[in-house]
Amino acid sequence: MDQTFRPLMDALKRRGVDPQMVDYAAEEAERSGRSIRAVLINDQIVTEQELTAAAADAYGVQTVDLVGYPIEQAALTKIPLALVTRHRVIGISLDGNELTVGITDPADVVALDDVRAATGMIIRPVVVARTEVRKVIEKLQREGSDLGDMAESLRVEQPSAMTAVTQGDDDAPIVRYVNSLLEQAIMNRASDLHLEPTETDLRVRYRIDGVLHEVDTVPQAVQSALISRLKIMSNVDITERRIPQNGRITMQLNNRKVDLRAATLPTVWGEKIVLRVLDTGGINLDLAGFGFTEDNYERFSASFAKPHGMLLVTGPTGSGKSTTLYATLAKISKPTVNIITVEDPVEYRLPGINQVQVNVKAGLTFAAVLPAILRSDPDVVLIGEIRDGTTAQFAVEAALTGHLVLSTLHTNDAPSAIVRLTEMGIEPFLVGSSVDCVLAQRLARRLCDWCKTEYYPPDDELEAARWPFDQWDPPAQLWKPVGCRSCAGTGYKGRLAVHEVMPVTEEIEKLAVARAPASDIHAVAQAQGMFDLRIDGLLKAANGQTSIAEVLRVAI
C-alpha cells in the first residue's frame, strides 16, 4: 500500500469513518490508478466536507471555507495562473512576507515548493474544498487574466493594428484580444457583447443575467481595427460604415460550437457592434424547468397539447420568448409531427425541425414564405414574430384550418395580446376563435444560493410591492442579495422566468368579439385563476428564488 495514503486514512478512521471502507478506498486507488480522494468522493464513502476536515487533521493544518471568504486580491495575484491551474492552489491572504494558500492536498510538497519558488515568500497552507477551488479558478479564467496585458499591447502597437487585421495575422494583439473578449463573454454566461464608441475610447460591456456590466475600454486609435476584425469574422462588408449590417460568427470553445449574431449600427462616434451569444450547447430546453408554477405549467401545456389553435408568447425583447417557444417545440417534436418554423433570424438550430430563415434581399420575406409553408403539409407552424397585419392574418387562418401555430408578440401583458391583434386589423371574432392561450413572461435574476440572506420584511415594503394580503398571508421572511465570489459580487446568479398564463375561455372569447378593453379581459382572467406577472414574481420571492426588488424591476 502507498504510504502517502496513510496519514489521511488514519485521520478518516479517527473521525469515525468505517475502517473497512477506508482500506477499500486505498486498495481501489492503487488498483485503478485513481486518486484516493476521487475514490472516497465518487464512491460516496465520505462527503467533500468530511474529506477536507480529515486532510487538515492528517497534516496538522487549518481548513478554510471559501464560500463568502474575503479572498485578498493581492494574494490571489501572487501565484501565476499557470501554477494555479496546474496544482489547484490559490493565494487567499497576505501577512507581510507570509502567503496563506488554499490547497486541496496539503501533502503535495511539489505544489508548495513551486509556489514558494515562484513567489519567494513563506508559504502557509490551509486545506480548502476542491469544488470551491475549482470555482475560483474558473472565475480567474473567465476574467481573462491576460486581457489587461493584451489591452496594453494594443496601446503600444496601435499603428500596426489595422495591418494585422487585413493580413490575417492570428498572433497580432488585436486578433488575440478579440478572441479573448469573445471567449470571456461566453464563459461569463453573457447574452450580449456591446462594443460602443465614445468621444475618447471604445467601451466594452457584457450583458449578464439581463444587466450590462462594463469590462474594459479600448484606445480610440484601434477602434476601427477592432470593429473591422469583428466584421471580417461576421462575414460582412468592412468598407461599409454608413448603414447597419448583420452577420454571424461561429466559434469552437471547449469542444462545443457557439454562434454569435452580429449587428452593426453607425453612431456619431463611429460604428457600434453588438454580438448576441447563441450558445446552443448551454441552452436549456426542459420546459418544465423554466420556473413555471404547477398551475401555470398545467394551463400552458394544455394549450400545446391540442392539435390546432394559436399559442402566443408575449414580452419585451430579451424576455426569453424564443427560448420558451423552442422548448415547447422540443416538447412536442416527434417523428409523427411535421414542424416548420419561419424566423428572422434562426437563433438556434433544432434537430428534426424544418427551420426557414427570412432573407429580404433574396425576396424571401414573411409574406412570401408563409403561404409556401401551408403547402408543405405542416402540423405545427412557428412564426418568429407577428409584426404586421399580413403575418397576423396568416397566423389566424393557419390556426383556424387545423394547424397548431406558435408565435411571439410585443405586448406588456397577456390580455393586451387580444387587443393588439384586433388593432392589426384582424376581425375580433377570428381572434377569439383562433387564439387558444397567451403566455406573458419576464426574466428576473435568481438569487445566489451561496450568499443570499434571509430577513424579516417590514410591512411598508410589502405594501409598496402591493403584496396581495387578501389572498395570502404576508411571508414570515424574504431573502435579499449579498454578493460573493460565486456570483461575482452581484448577489444574483442565473435567471428565472416570471409568468402570466391566460387560456382563452368562452368568456374571454366573448369579450374579444365585443372589442372589450384589455382591463376588462384582465379582470375576467384573474377571476378565472390567472396570476399576473407581479403576483407570480412575489410568490417566487417568498420561496427564496429571487428578491422583491428584482420582481419590481421586471414586473410593474
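Keep in mind that what you see is a predicted model, and the values were worked out from it rather than measured.

## Observations concerning the overall build of the protein
1) Next: The number of helices and strands found in the protein is 23 helices and 18 strands.
2) Next: By residue count, 48% of the 556 residues in the protein fall in the buried class.
3) Next: Residue pairs in contact within the protein that sit at least 24 positions apart in sequence constitute 61% of those at least 6 positions apart.
4) Next: Surface summary for the protein: the accessible area is close to 25,800 Å², and the carbon and sulfur share equals 49%.

## Examining the packing of aromatic side chains
1) Next: Taken as a whole and judged by the stated rule, the model has 4 aromatic pairs.
2) Next: Relative to tyrosine 297, the ring of phenylalanine 292 lies with its centre 5.9 Å away and its plane at 65°, an arrangement referred to as edge-to-face.
3) Next: Residue classification places phenylalanine 292 among the buried residues on the basis of a relative accessible area of 11%.
4) Next: In this structure an aromatic cluster arises from ring pairing among Phe292, Tyr297, Phe300 and Phe304.
5) Next: Seen from the ring of tryptophan 479, lysine 452 lies directly overhead, with NZ or CZ sitting 5.7 Å from the centre.
6) Next: For the cation-ring pair, lysine 480 lies above tyrosine 455, with the distance from its terminal atom to the ring centre recorded as 5.3 Å.

## Focus on the pattern of salt bridges
1) Next: Scanning the entire structure with this criterion turns up 19 salt bridges.
2) Next: With a closest N to O distance of 3.5 Å, arginine 124 and glutamate 98 form a salt bridge. Note that arginine 124 is positioned in strand β3 (residues 122–127) and glutamate 98 in strand β2 (residues 98–103), a separation of 26 residues in sequence.
3) Next: For glutamate 98, a relative accessible area of 28% corresponds to the partly exposed category.
4) Next: A salt bridge links arginine 116 to aspartate 113; its shortest N-O distance comes to 2.7 Å. Residue arginine 116 and its partner aspartate 113 are both found in helix α7 (residues 109–119); the two are separated by 3 residues, about one turn of the helix.
5) Next: Residue class for arginine 116 comes out partly exposed when judged on its relative accessible area of 36%.
6) Next: Here the salt bridges share partners, and the residues they tie into one network are Glu196, Arg203, Arg205 and Lys272.

## Points about the side chain of threonine 341
1) Next: Looking at the element boundaries, threonine 341 is found in strand β11 (residues 339–343).
2) Next: Of the residues examined, threonine 341 reaches a relative accessible area of 0% and is grouped as buried.
3) Next: Among the polar contacts made by the side chain of threonine 341, one reaches the side chain of glutamate 343 at a distance of 2.7 Å.
4) Next: For threonine 341, the residues in contact, after removing those within four places along its chain, are Leu329, Ile353, Asn354, Gln355, Val356 and Leu382.

## With respect to the sheet that holds strand β6 (residues 211–219)
1) Next: One open sheet holds the 6 strands; their spatial order is β6-β5-β4-β9-β8-β7, and the pairing between them is antiparallel. Strand pairing shows two members of the sheet lacking a second neighbour, β6 and β7 (246–253), which therefore form its edges. Between one strand and the next, the sheet's axes are offset by a mean angle of 20°, whatever the strand orientation.
2) Next: By the bridge criterion, 9 bridges tie strand β8 (residues 256–267) to strand β9 (residues 270–278) in an arrangement that is antiparallel. From the neighbouring strand, alanine 262 faces β9, where its bridge partner is leucine 275.
3) Next: Contacting β4 (190–197), β5 (201–208), β6, β7, β8 and β9, helix α11 (residues 173–187) runs over the sheet at an angle of about 80° to β7.
4) Next: Seen against the sheet, helix α12 (residues 223–234) touches β4, β5, β6, β7, β8 and β9 and runs at an angle of roughly 40° to β9.

## Observations regarding the pairing of strand β10 (residues 309–314)
1) Next: The element β10 is largely enclosed, with a buried count of 6 among its 6 residues.
2) Next: Judged by which residues are buried, β10 turns out to be covered on both faces: Gly309, Leu311 and Val313 on one side and Met310, Leu312 and Thr314 on the other are all buried.
3) Next: The sheet contact formed by β10 and strand β14 (residues 404–409) spans 6 bridges and is parallel. Note that in β14 the partner of leucine 312 across the bridge is serine 407.
4) Next: In the sheet, β10 pairs with strand β15 (residues 435–447) via 5 bridges, with the strands oriented parallel. Across the sheet, the residue bridging to leucine 312 is valine 438, located in β15.

## Re the nonpolar core
Side chains of a nonpolar character, in soluble globular proteins, are inclined to be buried together.
1) Next: By size, the foremost hydrophobic cluster in this structure holds 45 residues, and its most contacted members are Met310, Leu312, Ile383, Ile418, Val435 and Met502.
2) Next: Tallying contributions element by element places helix α16 (residues 389–400) first for this core, with 6 residues.
3) Next: Discounting residues that sit within four places of it in the chain, methionine 310 has contacts with Ile386, Ala395, Val396, Ala399, Val405, Ser434, Val435, Asp436 and Cys437.
4) Next: Counting residues in each nonpolar core, the second largest holds 31 residues, with Leu181, Ile186, Val204 and Ala262 among its members.

## A word on the pairing of β8
1) Next: Sheet topology note: the β7/β8 ladder contains 8 bridges and is antiparallel. Each residue of the ladder has a partner; that of threonine 250, found in β8, is aspartate 259.
2) Next: Connecting the antiparallel pair β8 and β9 is a turn made up of 2 residues.

## Quick word on the sheet that holds strand β13 (residues 380–383)
1) Next: Spatially, 7 strands are ordered β12-β11-β13-β14-β10-β15-β18 in an open sheet, and the strand pairing comes out mixed. Two strands in the sheet have a free side with no partner beyond their single neighbour: β12 (354–357) and β18 (492–503). Strand-to-strand, the axes of this sheet are offset by a mean angle of 20°, without reference to chain direction.
2) Next: Across the sheet, helix α14 (residues 321–332) is in contact with β10, β11, β12, β13, β14 and β15; its angle to β14 comes to roughly 165°.
3) Next: Across the sheet, helix α17 (residues 415–423) lies against β10, β14, β15 and β18, angled at about 130° from β15, the strand it touches most.

Reading the values: the criteria
Numbering of residues starts from 1 in each chain and follows the order in which that chain's sequence is written. Note on the predicted model: pLDDT of at least 70 is required for a residue's local features to be given, and 80 or more for side-chain atom pairs to be given and counted; whole-chain, interface and lining totals, by contrast, use all residues. Processing note: side-chain calculations cover all non-hydrogen atoms of the structure and skip hydrogens and water entirely. Under the scheme used here, helices are H or I runs from DSSP no shorter than 4 residues and strands are E runs no shorter than 2 residues, and both carry numbers assigned from the N terminus. Think of it in three bands: residues with accessible area under 20% of the maximum for their type are buried, residues over 50% are exposed, and the middle band is partly exposed, with areas taken using a 1.4 Å probe on protein chains only. Contacts are assigned to residue pairs that have any heavy atoms within 4.5 Å of one another. Each accessible area is a Shrake-Rupley result for a 1.4 Å probe, and residues are judged covered by the shown protein chains and nothing else. Between rings of Phe, Tyr and Trp, where Trp is taken as its six-membered ring, a pair exists when centres lie within 6.5 Å; planes separated by under 30 degrees are stacked, by over 60 edge-to-face, and by other angles tilted. Two thresholds decide whether a charge sits over a ring: the Lys NZ or Arg CZ must be within 6 Å of the ring centre and within 35 degrees of the ring normal. By definition here, a salt bridge exists when the distance from a side-chain nitrogen of Lys or Arg to a carboxyl oxygen of Asp or Glu is within 4 Å. N or O atoms closer than or at 3.5 Å make up a polar contact, with two conditions inside protein: a donor-capable atom paired with an acceptor-capable one, and, for residues adjacent in sequence, both atoms drawn from side chains. Two strands pair if DSSP finds at least two bridges between them. Here the axes come from fitting lines to C-alpha atoms, over the contacting stretch only for helices, and the angles between their N-to-C directions go from 0 to 180 degrees. The definition of a nonpolar core used throughout is a set of buried Ala, Val, Leu, Ile, Met, Phe, Trp, Tyr and Cys residues joined through side-chain atoms within 4.5 Å.

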